[in-house]
Amino acid sequence: MTQVPPVAAPAAAAGPGWWSYGPVFEPYTQIGRDNDVITVDGLPPGPVVVQLDVEGDGYTGMSVLNWRNKEKDFLVNSTEEDFRGRVLAKVPKNGTLRLKVEAEGPWRLEVSPLAAARRLTEEETDFRGPEVLLHTGGVADLAIHYRGDENLIVNVFELHGHDDHTELPEDENVVNEIGKRRETVPLPEGPLVVQFEMADGPWRAHLKRVQPPTRQGRFR
């Protein structure tokens, strides 16, 4: 088992055009096998991205443990072979995130700041499993081609005007369907978090008809 503790990173290191929602830190990674409980100390409170990659064809589950060591938020519940996915988790005020992982086989887990999530672009991109994406441009349409057989759930969090970095604003559910399908979703101007909460199997997404942003400056 390998552990790399999180380390605070300067905002300037992220490069041009970068924005963040809350503090930035170096990703924490851990490698393990089968069922385990992971503790990550020293994180800034608020939303983070948790990536879980599993090799195996059994059940995969992941949940957040509260201060009573009870399961609080269920993040992953899948029977997908070789599960891959990125999900949203909330770090409590004490800065310690505890995760219960259920897997059959080897796995890799990574905890990253929200600002490290992948950006949506006009280039069609292949994905697999749940995902957390960012939209930083103007008004646009999001085209989705879902090739899975299970439930597809997509939520949008509009960050503009929301100053509390320890909480995400209330989300808007924009897709909740079952089985293979094509969807086009109108997106407001960014910054947005686009959460594919459930998306077992392969899918593609890209932006269409992207308008220039009307807001100036970076989002912090």
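That block above? That's the structure.
Described in the following lines is the structure provided in the data block. Since this is a predicted model, take the numbers as computed values, not measurements.

## Notes on the overall build of the protein chain
Step number 1: Across its full length, the protein chain carries zero helices and 18 strands.
Step number 2: The 220 residues of the protein chain split such that 47% are buried.
Step number 3: Of the contacts formed within the protein chain by residues at least 6 apart in sequence, a portion of 78% connects residues at least 24 apart.
Step number 4: Carbon and sulfur atoms form 46% of the exposed surface of the protein chain, whose accessible area is close to 11,200 Å².

## Considerations on the pattern of salt bridges
Step number 1: Across all of its chains, the model carries twelve salt bridges by this definition.
Step number 2: Residue D141 is joined to R209 by a salt bridge in which the shortest nitrogen-to-oxygen separation is 2.8 Å. On the criterion of sequence distance, the pair formed by D141 in strand β13 (residues 140-146) and R209 in the segment after β18 (202-208) is long-range, its members being 68 residues apart.
Step number 3: The class of D141 is buried, set by a relative accessible area of 18%.
Step number 4: One salt bridge connects R181 with E183, and the closest N-O pair in it is separated by 2.6 Å.
Step number 5: With a relative accessible area of 26%, R181 lands in the partly exposed category.
Step number 6: When salt bridges that share partners are traced, they join E124, D126, R147 and R204 into one network.

## Description of the sheet that holds strand β3 (residues 36-40)
Step number 1: Strands sit in the order β3-β8-β5-β6 across an open sheet of four strands; the sheet is antiparallel. What marks the edges here is a single partner per strand, and that holds for β3 and β6 (71-78). Strand-to-strand twist across the sheet, computed as the mean angle between neighbouring axes with direction ignored, equals 20 degrees.
Step number 2: In terms of strand pairing, strand β5 (residues 60-65) meets β6 through six bridges, oriented antiparallel. Bridge pairing in β6 links L65 to E71.

## Some words on the packing of aromatic side chains
Step number 1: Counting across every chain of the model gives two aromatic pairs.
Step number 2: Taking the centre distance of 4.0 Å and the plane angle of 15 degrees together, the rings of F196 and W203 count as stacked.
Step number 3: For F196, a relative accessible area of 1% gives the class buried.
Step number 4: W203 sits in the buried class, given a relative accessible area of 0%.

## So, the sheet that holds strand β14 (residues 151-158)
Step number 1: A sheet is described by the order of its strands in space; here five strands give the open sequence β10-β12-β17-β14-β15, paired in mixed fashion. If you trace the sheet from one side to the other, it starts and ends with β10 (118-119) and β15 (172-178), each paired once.
Step number 2: Inspection of the sheet shows strand β12 (residues 131-135) paired to strand β17 (residues 192-199) by five bridges, in the antiparallel sense. The partner of L134 across the bridge, within β17, is V193.

## So, the pairing of strand β8 (residues 97-102)
Step number 1: Covered by surrounding structure in β8 are L97, L99 and V101 only, the residues R98, K100 and E102 on the alternate face being uncovered.
Step number 2: Note: β5 against β8, four bridges, orientation antiparallel. Along β8, the bridge assignment pairs V64 with L99.

## Digging into the side chain of Q195
Step number 1: Of note, Q195 is situated in strand β17.
Step number 2: Once residues lying within four places of it in the same chain are set aside, the contact partners of Q195 are L88, E131, I153, V154, N155 and F157.

## Overview of the side chain of E189
Step number 1: Tracing the sequence through the fold places E189 in the loop between β16 (181-187) and β17.
Step number 2: In this structure E189 comes out as buried when scored by relative accessible area, which is 10%.
Step number 3: Here T214 takes part through its side chain, which lies 2.7 Å from a polar atom of the side chain of E189.
Step number 4: The residues contacting E189, other than those within four sequence positions of it, are G137, G138, V139, E158, P213, T214 and R215.

About the criteria used
Residues numbered from 1 in each chain as written. Predicted model: local features only at pLDDT ≥ 70, side-chain atom pairs only at ≥ 80, totals over all residues. Heavy atoms only, no water. Helix = DSSP H or I, 4+ residues; strand = E, 2+ residues; numbered from the N terminus. Buried < 20%, exposed > 50% of the residue type's maximum accessible area, 1.4 Å probe, protein only. Contact = heavy atoms within 4.5 Å. Areas by Shrake-Rupley, 256 points an atom, 1.4 Å probe, with all protein chains shown as cover. Salt bridge = Lys/Arg side-chain N within 4 Å of Asp/Glu carboxyl O. Pairing = 2+ DSSP bridges. Axes fitted to C-alpha atoms, helices over the stretch in contact; angles between N-to-C directions. Phe/Tyr/Trp six-rings, centres within 6.5 Å; stacked < 30°, edge-to-face > 60°. Polar contact = N/O pair within 3.5 Å; in protein donor to acceptor, adjacent residues only side chain to side chain.

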